[in-house]
Amino acid sequence: MSINNTEIEKRLWDAADELRANSRLKASEYSVPVLGLIFLRYADHKFALADQEIKAERATTTTRRQRPITKDDYHARGVLFLPDEARFQRLVELPEGENIGRAISEAMKAIEAENPDLKDVLPKTYNRLGNDTLVTLLKTFNAIEMDVEGDVFGQIYEYFLAQFAMSEGRRGGEFFTPTSVVKLIVEIIEPYHGFVLDPACGSGGMFVQSARFVRRHQRDPSAEISVYGQERVAETVRLCKMNLAVHGLAGDIRQGNTYYEDIHRSAGKFDFVMANPPFNVNRIDKDRIKDDPRFSFGLPRVDNGNYIWIQVFFSALNAWGRAGFVMANSASDARGSELEIRKQLIQTGVVDVMVAVASNFFYTVTLPCTLWFLDRGKAGTDRADKVLFLDARHIYTQVDRAHREFTQAQIEFLANIVRLYRGRESETTQGSAELMAEHFPDGVYQDVPGLCKVATLDEIEAQGWSLNPGRYMGVAEREEEEFDFAERLTELHEELEVLNAEAHELEEQIAKNVIQLLSNL
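All values derive from a computational prediction rather than experimental measurement.

About the criteria used
- Residues numbered from 1 in each chain as written.
- Predicted model: local features only at pLDDT ≥ 70, side-chain atom pairs only at ≥ 80, totals over all residues.
- Heavy atoms only, no water.
- Phe/Tyr/Trp six-rings, centres within 6.5 Å; stacked < 30°, edge-to-face > 60°.
- Helix = DSSP H or I, 4+ residues; strand = E, 2+ residues; numbered from the N terminus.
- Buried < 20%, exposed > 50% of the residue type's maximum accessible area, 1.4 Å probe, protein only.
- Pairing = 2+ DSSP bridges.
- Right-handed = clockwise from strand over helix to strand, strands pointing away.
- Axes fitted to C-alpha atoms, helices over the stretch in contact; angles between N-to-C directions.
- Contact = heavy atoms within 4.5 Å.
- Salt bridge = Lys/Arg side-chain N within 4 Å of Asp/Glu carboxyl O.

Q: Is there a simple way to explain the packing of aromatic side chains in this structure?
A: How two aromatic rings sit relative to each other is given by the distance of their centres and the angle of their planes. As enumerated under the stated definition, the model contains 23 aromatic pairs in all. Seen from their ring centres, Y307 and W372 are 6.3 Å apart, and the 80 degrees between their planes marks the pair as edge-to-face. Separated by 65 residues along the polypeptide, Y307 in helix α13 (residues 306–316) and W372 in strand β7 (residues 369–375) bring together distant segments of the chain. Like W372, Y307 is buried. With 6.5 Å between their ring centres and 45 degrees between their planes, F413 and F440 make a pair best called tilted. Taken together, the residues span a long stretch of sequence, with F413 in helix α16 (residues 408–421) and F440 in the loop between α17 (433–439) and β11 (452–456) at a distance of 27 residues. Judged on exposure class, the residue F413 and its partner F440 are both buried.

Dropping the structure here:
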């Protein structure tokens, strides 16, 4: 992202956020209408360019009789058709005495009427924002420079998504996964070509970064990847569809509860699966899914959804598919029935890479987490009985007191370790050359204490089928960090809940064993 684009994003956000502060609206009430205006500004820009091209072509055509220009001419160029009442400049020029909120809402309805793929997607609640606020927002977004390089509207939309997610805290984390984490997942699974699924897609960040990955490797995302998403919350589905449109992408995004509905009939279908599912969800109705073929390893007896999600991801992969997803740390070492599921998963040879990530990367939780990577295509390779463990807990950049992220160089460095493990050459276009020279001077993979370790399935079995990277390489030496007592207490409480669940499971098993013994006397 260029410095110029970053300055544009920050200036626009500062202007919009000042209005939000003065409007007395919560971020959740303000975010969707504002994102809708960014979408409209993007759609208007693309429409204007297409309009010029179509009319210029008509002007050079010598045919005596020409058919009139229709919306199909714009759709053929992959551009949304905008009727006159939905043009951005017309809305900007409305007299301030007009009902601006109603005019914008009507514009959104008109766009949906002309573009059926957007039916019920665009926001139409602009009457909740005052006229003065809307006039200022329209003028603010109308001032976006058109001669900047790259995907400026997509980057602005993504920046606003991130800022709104941060403002909303826990709810924000439900629809937005921090971009640097998504980029790392994408760089490791490398979705060059094929069908991509995110069954907990939120606002679509996994799809956007996949498309950027393809484009960075000089390919056309619309020709190389097809994206499929599922999301439980209707409002978030709309955010996702707008996000895709602003990035010039299209996908099959549907509303549904992934626990109970396999809308895309995913079993064995996908080349790539990416997700950031909710952690440690309880009260899933297991009776509704006990016969679901996605859960071939069985359902966990504890009231925790982590291993339900893991099987959703695994079951969707085709014979050469790869998956990358975020998971609670507790899942790597969970005991009882979850251990049995994990053991079966490991024995298939599909577990490929495990990455430990430091705390404070996410908006939903401040706890550290683990990135899991599965690869069904490694069967028959020299990695078939191996797993790469990466400890990235000491690799991050501090954004502010409460948030961390990976830099581009750090993402490339971590992905390069995986590339070397896979027998591939490293990449250094994003600034990782110094880190690579320090740790891998010969350009080949080697275990580095405190950073990475390749373990065999026999070693993993000896560790009780644990997938916790710390079990295999120890904890890297580092300076003592300052920590927030509430955050540390929350982390300990999560561990206690896991132990309590395991104790309850053991109690039930002991009771069953006692009953069986008594019945045999």
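Still to come is the rest of the account.
Q: Would you take a moment to explain the pairing of strand β3 (residues 251–255) for this structure?
A: Looking down a regular strand, the side chains alternate between one sheet face and the other. Pairing analysis gives five bridges linking strand β2 (residues 225–231) to β3, with the strands arranged parallel. From the neighbouring strand, E231 faces β3, where its bridge partner is Q255. Regarding topology, helix α12 (residues 234–246) serves as the crossover connection from β2 to the parallel β3, and that connection is right-handed.

Q: Would you mind going over the sheet that holds β2 with me for this structure?
A: Across a sheet, paired strands are connected by hydrogen bonds in the backbone, their directions being either parallel or antiparallel. Strand order in the open sheet made by the nine strands is β3-β2-β1-β4-β5-β7-β6-β8-β11, with mixed pairing throughout. Strands with a single pairing partner mark the edges of an open sheet, and in this sheet they are β3 and β11. Strand-to-strand twist of the sheet, defined as the mean angle between neighbouring strand axes without regard to direction, takes the value 15 degrees. Where strand β6 (residues 351–357) lies against β7, six bridges are found, and the strand directions are antiparallel. Residue V353 lies in a different strand from β7, and its bridge partner there is F373. Each of β1 (194–198), β4 (270–275), β5 (317–328) and β7 is contacted by α13, which is oriented at about 155 degrees to β5, the strand it contacts most.

Q: Even after reading the chapter, I still don't get the pattern of salt bridges, so can you show me in this structure?
A: Pairs can form between side chains of opposite charge whenever their charged atoms are close. Overall, the coordinates contain 31 salt bridges when judged by the stated rule. One salt bridge in this structure joins E29 and R128, with 2.8 Å as the shortest N-O distance. A residue pair is termed long-range when its members are at least 10 positions apart, and E29 in helix α2 (residues 27–60) and R128 in the loop between α5 (100–114) and α6 (131–142) qualify at 99 residues. On the basis of relative accessibility, which here comes to 48%, the residue R128 falls in the partly exposed class. Taking the shortest distance from any N to any O, the salt bridge between R322 and E190 comes out at 3.3 Å.

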